[in-house]
Amino acid sequence: MMHARFPMNRIALGVSLLLGAASAAVAGVTDQDLLNAGVKDTKSVLTWGIDYQGTRYSPLKQINADTIKDLVPAWTFSYGDEKQRGQEAQPLVYNGKIFVTASYSRIYAVDAKTGKKLWVYEHRLPDGILPCCDVINRGAALYGDLVIYSTLDAQLVALNQETGKVVWREKMDNYKDGYSNSAAPIVVKGLVITGVSGGEFGVVGRVDARDALTGKLVWTRPVIEGHMGYTFKDGQKTEAGLTGETGKTWPGDLWKTGGGATWLGGYYDPETDSVLIGTGNPAPWNAHTRPGDNLYSTSSLAINPANGDIKWHYQNTPNDGWDFDGVNEMVSFDLKKDGKTVKAIGKADRNGFFYVLDRTNGKLISATPFVTKQTWATGVDLKTGRPIETGVRPGDPSKSADGKKGETVFSAPSFLGGKNWMPMAYNKDTGLFYVPANEWGMDIWNEPITYKKGAAYLGAGFNIKPLYDDYIGALRAIDPATGKIVWEYKNYSPLWGGVLTTAGNLVFTGTPEGFLKAFDAKTGKELWSYQTGSGVVGCPVTWEMDGEQYIAVPSGWGGAVPLWGGEVAKRISYLTQGGSLWVFKLHKS
Ligand code: CA
């Protein structure tokens, strides 16, 4: 069995550490390979986001708007057994193998040509794990001869790419306190960089960097104001300065359990040498308990990968009262506007605004709605960078007659967001972002809450509702220079899968109804679709092998919507689960 028991594991650990370090210098995935990932190297898929910047763009064009009618399955691979639930992963492709993570902290290596299973590692999960939003995993990282991924009991596991044997395994934090992890790590200059999940349990979000070959901690940076960062060297723990200023934007001791979970991980921009990562909601959800901006929750951060210092921050939702987690991806791109080129990032936030920031300093360039309804703000002040709030917030329970429930308000977007975790793509040929958006709102109210370790820490109740009868999901092409929506594709169910775009003038994404779909990148015309047997909520990728272009995507309905979606979940309760990897290529006649 792959569930290696401890004694066996420790022996393997000592031996493979040496082998891993030695072989990585001569073979395997290097820092230079990771810099080339995506645009320069089309034979592999080496990192979360396809390239470091997270554009999810491929220059490949054998599969294009003209040839896509001939796109057919090459093979399909079933994850097997009764463990289904949401399959939200982005596969990686390297050296003839596909590495794909699956629900319940599993990872498979599959022969990219044939779909033959090479190995599986099933992480042994303890009872009592506390993942907020299904037992999903979003993907792995490659470095040297290792494949590294995080688990629902908040561990980080590095396996040998050939054998699937554990090389190192490190505990990130205590799952009993509410920590978990499901994001794909990234590797930057030999450091594996991760966040943590658990914002609904009052954990404190942070970013950790470890030596990718050994798993040893190098630095840790909490993202809630008032906490101390640390660096580690030769067994020495050294203070690396406070995050912000204790007590400045948080009342009392609430910063100690302040949330800001970094649960979606981040990307890296080599041009500014920054790890770009978003932070989740401040805890608890009931904002009346914590007057102030509550830095650096619901924010966009640029972090120095050498030491964890926060280079700049931009807070998308100050004093968040709606669970508008600001974790969504910050995708680096060159903004062409008014005859100038600006090093920018695009971010489609849960709160319904599409932000363009200057990635050299975090300065706001524009913020435009990408959903049809926003009850909480009418816009964002470009001078101050702050939202122009309407005042529509759930009421303070301490001011209610019985002190138990504040006034209920209807808020849009819902806390599942104008866009949730599912990554958008940026196509440099069209200059457009492709955003998997959703149209929904919620009844939300606040309740009194006190912190208890390992217990849900919300102080809120909610019911999510569709805004329209005919659709919830909307794939929207957005021009970042103007904020204008150039085209949209409407989907009955909420969109919950990642997006891929290519030089073949194509945009790919999946639907909970089970289809992988392809659209004309310029016009949005649907060109192709294929039924995979269960909902597609994973991230499509593409690569070339022996002169042929391939597309891969996981299939398996699940994630947060069936668990938390209220009336939306009821409306789509007929959707069925699954667990498989689909690979496509052009049919040769
Ligand atoms: Ca949250």
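Above this text you will find the structure in question.
**Q** Whenever I open this one, the overall build of the protein confuses me. Can you help?
**A** Within the protein one finds four helices and 40 strands. What you see for the protein is a C-alpha radius of gyration of 22 Å, in line with the 25 Å of a compact globule of 589 residues. When its C-alpha atoms are laid out on the principal axes, the protein stretches across 70 × 55 × 50 Å. Within the protein, the fraction of its 589 residues that count as buried is 63%. For the protein, the exposed surface amounts to about 20700 Å²; the carbon and sulfur share of it is 53%. Of the side-chain charges in the protein, 61 are positive and 60 negative, and the distance between the mean point of each set is 1 Å.

**Q** Honestly, the state of the cysteines in this entry has me stumped. Any pointers?
**A** Linking two cysteines covalently via their sulfur atoms produces the bond known as a disulfide. Scanning the model with the defined rule gives one disulfide in all. A sulfur-sulfur distance of 2.2 Å marks the disulfide that ties Cys 132 to Cys 133. Measuring the twist about the S-S bond at about -105°, one finds the Cys 132-Cys 133 disulfide to be left-handed. For Cys 132, a relative accessible area of 31% puts it in the partly exposed group. Take Cys 539: it sits in no disulfide, and the sulfur closest to it among the cysteines is that of Cys 133, at 16 Å.

**Q** Is there a simple way to think about the pairing of strand β20 (residues 310-315) in this case?
**A** Here is the key point about a regular strand: its side chains alternate between the two faces of the sheet. Of the strand pairs in this sheet, strand β19 (residues 299-303) and β20 are connected by five bridges, and their pairing is antiparallel. Looking at the pairing, Ala 302 lines up with Trp 312 of β20. Here β19 hands over to β20 after six residues, with Gly 308 in that stretch at a positive phi of 85°.

**Q** Explain the sheet that holds strand β22 (residues 340-348) to me, please; I cannot follow it from the model alone.
**A** Strand pairs in the sheet, formed through backbone hydrogen bonds, run parallel or antiparallel to each other. Taken in spatial order, the four strands make up an open sheet running β21-β22-β23-β24, and their pairing is antiparallel. The open sheet is flanked by β21 (331-337) and β24 (364-369), the only strands paired with a single partner. Each strand of the sheet is rotated relative to its neighbour by a mean of 30°, with strand direction disregarded. Looking at chain direction, β21 and β22 are connected through seven bridges and run antiparallel. Counted as the bridge partner of Asp 334 is Lys 343 from β22.

**Q** How should the packing of aromatic side chains be read in this particular structure?
**A** Each aromatic ring pair is summarised here by two numbers: the centre-to-centre distance and the angle between the ring planes. Counted under the stated rule, the structure contains 33 aromatic pairs. With a centroid separation of 5.2 Å and an interplanar angle of 80°, the aromatic rings of Tyr 451 and Tyr 457 are classed as edge-to-face. A relative accessible area of 31% means that Tyr 451 is categorised as partly exposed. Ring centres of Trp 528 and Phe 584 lie 5.4 Å apart, and the angle between their planes is 90°; on these two criteria the pair is classed as edge-to-face. Here the residue Trp 528 occupies a position in strand β37 (residues 526-531), and Phe 584 occupies one in strand β40 (residues 580-586), the gap between them amounting to 56 residues. Residues Trp 528 and Phe 584 agree in their burial class; the two are buried. By the ring-pair criterion, three or more aromatic residues cluster together here, those being Tyr 314, Trp 322, Phe 324, Phe 353, Tyr 355 and Trp 376. The residue whose ring lies beneath Arg 56 is Trp 48, and the NZ or CZ to ring-centre distance is 4.4 Å. The ring of Phe 515 has Lys 517 sitting right over it, with the charged end atom 5.4 Å from the ring centre.

**Q** Just checking my understanding: could you explain the sheet that holds strand β6 (residues 117-122) for this structure?
**A** On the basis of which strands lie adjacent, the open sheet formed by four strands has the order β3-β4-β5-β6 and antiparallel pairing. The open sheet has two edge strands, β3 (92-94) and β6, and neither has a second partner. Each strand of the sheet is rotated relative to its neighbour by a mean of 15°, with strand direction disregarded. Alignment of strand β5 (residues 106-111) against β6, held across five bridges, turns out to be antiparallel. Residue Tyr 108 lies in a different strand from β6, and its bridge partner there is Val 120.

**Q** I would appreciate a short explanation of the side chain of Lys 347 in the present structure.
**A** Relative to the helices and strands, Lys 347 resides in strand β22. In this structure Lys 347 comes out as buried when scored by relative accessible area, which is 1%. At 3.0 Å, the side chain of Lys 347 and the side chain of Asn 316 are in polar contact.

**Q** What's the story with the nonpolar core in this structure? I'm lost.
**A** Most often, soluble globular proteins have nonpolar side chains that are buried together. Counting 133 residues, the largest nonpolar core has Leu 71, Leu 159, Ile 193, Trp 496, Phe 508 and Trp 543 as its most contacted members. Sort the elements by how many residues they give to this core and β40 lands first, with five residues. Setting aside its immediate chain neighbours within four residues, Ile 193 contacts Pro 185, Ile 186, Val 188, Val 207, Asp 208, Ala 209, Trp 219, Val 275 and Pro 305. Counting 16 residues, the second largest nonpolar core, distinct from the first, contains Phe 333, Val 356, Met 424 and Ile 478.

Analysis parameters
Once a new chain begins, its residue numbering starts again from 1 and follows that chain's sequence as written. It should be noted that, the model being predicted, local features are given only for residues of pLDDT at least 70 and side-chain atom pairs only at 80 or more, the latter also being counted only at that level, while totals for whole chains, interfaces and linings use all residues. Each side-chain value is worked out from all heavy atoms of the structure, with water and hydrogens disregarded. Runs of E in the DSSP output that reach at least two residues are strands. Runs of H or I that reach at least four are helices, and both are numbered from the N terminus. Every radius of gyration here is taken over C-alpha atoms, with the globule rule written as 2.2 Å times N^0.38, N being the number of residues. Using a 1.4 Å probe on the protein chains alone, a residue whose accessible area is under 20% of its type maximum counts as buried, one over 50% counts as exposed, and one in between counts as partly exposed. Exposure was quantified through the Shrake-Rupley algorithm and a 1.4 Å probe, taking into account, for residues, occlusion by the shown protein chains and nothing else. Counting rule for charge: Lys and Arg are taken as positive, Asp and Glu as negative, and neither His nor the chain ends is counted. The location of each charge is read from NZ of Lys, CZ of Arg, CG of Asp or CD of Glu. Two cysteine sulfur atoms make up a disulfide if the distance between them is within 2.5 Å. Any two strands with at least two DSSP-identified bridges between them are counted as paired. Each axis is a line fitted through C-alpha atoms, taken for helices only over the stretch in contact, and angles between the N-to-C directions span 0 to 180 degrees. Put simply, two rings from Phe, Tyr or Trp (the six-membered ring, in Trp's case) pair if the centres are within 6.5 Å, and we call them stacked under 30 degrees between planes, edge-to-face over 60, tilted for the rest. Any Lys NZ or Arg CZ found within 6 Å of a ring centre and within 35 degrees of that ring's normal is scored as a charge over the ring. Pairs of N or O atoms within 3.5 Å make up the polar contacts considered here, provided that, within protein, one atom can donate a hydrogen while the other can accept it, and that residues adjacent in sequence are counted only when both atoms are side-chain atoms. By nonpolar core is meant a set of buried Ala, Val, Leu, Ile, Met, Phe, Trp, Tyr and Cys residues that side-chain atoms within 4.5 Å join together. Note on contacts: a residue pair is in contact if any heavy atoms of the two residues lie within 4.5 Å.

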